[in-house]
Amino acid sequence: MHDVVSGTIQNVVAKAAEHAIEKKGVTALLDDVAQSESQDISVHLPVINTDAECREEVYSFDELISPAEYAALETASETFRDITSEDIQNMIEKKRYSCFVVEKLKSMPQGEKQRDHIARCLWYLDNLIRLNFQKQIKSKFGLGENIPHVIIMKLLKNFTVVNYSSGSVKNMVSTSMKVKIAAHVIALVLHIEDFQTDLTVLQRDLKLTETRFLEIARAMRLKITKAKVPVPDAEPEIHKIGSLSLPLPSYEPSTKLNKRKRMS
């Protein structure tokens, strides 16, 4: 089964690259890559509705996971929906899953409808986080088994850049795409966690610097506070908590980040 999945991903990646060449040409592709890497954080954020009347409307769930993608996740997320304590312990021992995903799986809702919804969201989120650690997309790029075709295409189209190198086109997860992945992770987690979440946990899962990650959160109009969080067999830690509330706070880019950009 794994070979079949890997073969499917390899075919999709190859076809996507071929389509990019045919549609734009090599010169245009090179220009696109250069442009995407020069743009600021705000360009890579999910669409924000500044006129939202409730928190659910600020970052539309359907913009993060479309109805077609959500439907395709039903079968793929079955392992998360039917997770057992033994499965979770195995996930912890293998260290292949993010802390956020594992902790949410430990406290899955008992209600069938809500449990199904959270399972789909976590399965998609898990693969988005996995994609963050890839550099070049290959046939075996660490995503979950039985990944739906529509999800593969979504990840390739929205979270990779097409790079032309040594006579071939490759899908790459660039620095700017890591920012985009982080922003979409935050937006989806806000829907999962009633619009308040532990940003420190997410930042560590994505392995971004705290400064960079908090700047993304601020650009998404989150209010950031501090909280003491208990840690098993250790002293409590101070974590950064992000919450989304109305009216949305204003955002001014960090002067430190701007200065760093000018110097680089």
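Please refer to the structure placed before this passage.
So, here is what we can say about the structure in this document. (Residues numbered from 1 in each chain as written. Predicted model: local features only at pLDDT ≥ 70, side-chain atom pairs only at ≥ 80, totals over all residues. Heavy atoms only, no water.)

Looking now at the sheet that holds strand 3 (residues 196-198). Strand order in this open sheet of 3 strands is 3-5-4, and the pairing throughout is antiparallel. Of all strands in the sheet, those with a lone pairing partner are strand 3 and strand 4 (223-231), marking the two edges. Between one strand axis and the next, the sheet turns by 30° as a mean value, whatever way the strands run. (Pairing = 2+ DSSP bridges. Helix = DSSP H or I, 4+ residues; strand = E, 2+ residues; numbered from the N terminus. Axes fitted to C-alpha atoms, helices over the stretch in contact; angles between N-to-C directions.)

What follows covers helix 8 (residues 99-106). By the burial criterion, the buried members of helix 8 are Phe100, Val101, Val102, Lys104 and Leu105. Buried residues along helix 8 sit in contact with helix 6 (78-81), helix 7 (85-94), helix 9 (112-132), helix 11 (175-192), strand 3 and helix 12 (199-206). (Buried < 20%, exposed > 50% of the residue type's maximum accessible area, 1.4 Å probe, protein only. Contact = heavy atoms within 4.5 Å.)

A cis amide bond links Leu246 with the next residue in sequence, Pro247, at an omega value of 0°. Take Pro247: it is sitting in the loop between strand 5 (234-243) and helix 14 (255-263). Positive phi, normally seen in glycine, also occurs at Phe195, with a value near 65°. Structurally, Phe195 is set in the loop between helix 11 and strand 3. Despite not being glycine, Asp233 has its phi angle at roughly 60°, a positive value. With respect to the secondary-structure elements, Asp233 resides in the loop between strand 4 and strand 5.

Looking now at the pattern of salt bridges. All chains considered together, the criterion is met by 9 salt bridges. Of the charged contacts in the structure, one is a salt bridge between Arg55 and Asp194, with a shortest N-O distance of 3.4 Å. Taken together, the residues span a long stretch of sequence, with Arg55 in helix 3 (residues 55-58) and Asp194 in the loop between helix 11 and strand 3 at a distance of 139 residues. One salt bridge connects Arg81 with Asp116, and the closest N-O pair in it is separated by 3.0 Å. With Arg81 in helix 6 and Asp116 in helix 9, this pair connects stretches of sequence that are 35 residues apart. Here Arg81 falls in the buried class, since its relative accessible area comes to 17%. A network of salt bridges, in which partner residues are shared, links Arg81, Asp116 and Arg120. (Salt bridge = Lys/Arg side-chain N within 4 Å of Asp/Glu carboxyl O.)

Attention now moves to the packing of helix 5 (residues 67-76) against helix 9. Running from N to C, helix 5 and helix 9 cross one another at 95°; their axes reach a closest spacing of 9 Å. Here helix 5 is positioned roughly perpendicular relative to helix 9, judged by the angle of their axes. Of the residues in helix 9, those touching helix 5 at Tyr70, Ala71, Leu73, Glu74 and Ala76 are His117, Arg120, Trp123 and Tyr124. Of the residues in the contact of helix 5 with helix 9, the class split is 6 nonpolar, 1 polar and 2 charged. (Parallel < 35°, antiparallel > 145°, perpendicular 65-115°, else oblique. Nonpolar A, V, L, I, M, F, W, Y, C, P; charged D, E, K, R; others polar.)

This is a description of form; function is not addressed.
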